[in-house]
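Now for the letters of each chain:
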Amino acid sequence: MLLMVRCDLGFSQDDEGSELPRTMLIRYLEDYSSLRDDALNDKLTGLASLKYIPINKDGSTYLSLGWDVRPYYESLRNRMDQGDEYLLTRIMFHTDLHIGNKFRLFVQPASGLDFFKEQPPRPIDRDELFFLNLFIDYKFWNKDDKSLTARLGKQEINYGRGRMITIRHGPNVRHYWEGLKVLYNSKKWNIDAFLLEYYGNNLNEGVFDNPILDSEETFWGAYAQYNNGEPTKSNYDFYYLGFDDEVSQFYNAEGVETRHSLGMRWYGKKNGWDYDMDLVGQVGSVGAQRIAATGFYGDVGYTIKDKSLNTRFGLKADYFTGDRDSTDTKLNNFNPMYPRQGYFQGAGALYASNFWDIHPSITLSIPQKFSFMADWTWYWRSSVEDGIYIGGAGLPLLPDDGNGKSYLGSQLDFLLRYIVNKNVSAQINYSHFYSGGFVRDNPTPREISDFLNIIISYQF
């Protein structure tokens, strides 16, 4: 369930020879306004002409169309060789209407279907038809490389590496939120402030039957990104995230959860090295328990570039607090809220609470064509007074059984990705979890031991 994010908007040739911005995982981030240039617009032929359909004479009002199709096979097995295998399909279509220089309407219905699944579909597997994005933008001003925009409606959000807030690209049904966001953009700073309700674990599986403004989870905050514009210097993100869940459950606390997170991200590249780190502190309450939690994400790599093949050696290290004392009034569980499980590759079997890990990897790649990654992760409990979790608060996996062991096991992952062309890609991901210590001795072997998926993705 790997999130492969392509965040650049560089131009590339399509199959028919015209120049188009590259497609992105979050489709509303694509910008086709440059095609107002007659020299570029005249080159658009075939399907490429759907990317910029002028409606008025000067081209300031225009329509852009696109779609995504992703069929894939997935197989899961646990330690007792019990599991399931099935086919999943995600189809999305979007319409992007720009009305002059101030208004925008973005509509993206989506469909997630499952086939041949023995177990009942999970919320991440099936939703027959729903709006993933349905919002309007109003740009208050846009001058001297600075702009201020208000966005209202259903929308996806993703910040940083997706460690705390992500679109959940790997599973069949992606996250979305409803509410208001205000976006400030300048040459150095991008700052978002938002008040949203979360939808992504709905049990409704039908056609346009998801509730509107009726969620148990409220999410608010501000996220600021500073980019100094110099490739060899560091960049920084600063954020405050507020989270309220009406029904939350940890092993040592349950009830209404109100959580406040303050964090900073530090990242950059220099002389072949790349680094990306997040440090987060959390306070608040769950029921009668007071929250005092910490999370750290670290990723460092070194890339050897060759004319035909790049080799990256990487090392991740992460730490997420768990509850230290089940008898006191403090809860030390870290909660990443809306993470991409695939940050740990493969099945993403562990949720970022009460464990720490070390994670070496090697990646071989031909840019824009092929990549192969192999990594091995070792996990330990941060606190032996607490269990481990999957899928977030409310879905505990294994409780503490008093054996005092901290080691959980290790996970071996392989990921092969091949880019056929600018629209089509394929990937195979296999993971095996070797249980040990606390997990191996637990009488309930629920953890995923084998995970395999084969994905074909088509984007236009």
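In case you missed it, the structure is sitting above this.
A brief structural summary. (Residues numbered from 1 in each chain as written. Predicted model: local features only at pLDDT ≥ 70, side-chain atom pairs only at ≥ 80, totals over all residues. Heavy atoms only, no water.)

1. Points about the environment of serine 75
Inference 1: Within the secondary structure, serine 75 is located in strand 4 (residues 62–78).
Inference 2: Distance from serine 75 to tyrosine 86, taken between C-alpha atoms, is 6.6 Å for residues 11 residues apart in sequence.
Inference 3: Apart from residues lying up to four places away in sequence, serine 75 is in contact with Asp84, Glu85, Asp450, Phe451 and Leu452. (Helix = DSSP H or I, 4+ residues; strand = E, 2+ residues; numbered from the N terminus. Contact = heavy atoms within 4.5 Å.)

2. A short note on a nonpolar patch on the surface
Inference 1: Together, Leu105, Leu134, Ile136, Leu152, Leu180 and Val182 make up an exposed nonpolar region whose accessible area comes to about 450 Å².
Inference 2: The set of elements that each furnish at least two residues to the nonpolar patch consists of strand 7 (127–143) and strand 9 (176–185).
Inference 3: With respect to the helices and strands, leucine 152 occurs in strand 8 (residues 146–155).
Inference 4: Exposure remark for leucine 152: the relative accessible area of 48% places this residue in the partly exposed category. (Patch = residues over 30% accessible without salt bridge, like charges linked within 9 Å, V, L, I, M, F, W, Y side chains within 5 Å. Areas by Shrake-Rupley, 256 points an atom, 1.4 Å probe, with all protein chains shown as cover. Salt bridge = Lys/Arg side-chain N within 4 Å of Asp/Glu carboxyl O. Buried < 20%, exposed > 50% of the residue type's maximum accessible area, 1.4 Å probe, protein only.)

3. Observations concerning the pairing of strand 4
Inference 1: With 2 bridges joining them, strand 3 (residues 53–54) and strand 4 adopt antiparallel strand pairing. Within strand 4, the position partnered with proline 54 by the bridge is tyrosine 62. (Pairing = 2+ DSSP bridges.)

4. Section: unusual backbone geometry
Inference 1: For aspartate 144, which is not a glycine, the phi torsion comes out positive at approximately 55 degrees.
Inference 2: With respect to the helices, strands and loops of the structure, aspartate 144 is situated in the loop between strand 7 and strand 8.
Inference 3: The exposure class of aspartate 144 is exposed, given its relative accessible area of 62%.
Inference 4: The phi dihedral of aspartate 145 is positive, around 65 degrees, even though this residue is not glycine.
Inference 5: Note on placement: aspartate 145 falls in the loop between strand 7 and strand 8.
Inference 6: Among the residues examined, aspartate 145 registers a relative accessible area of 63% and is labelled exposed.

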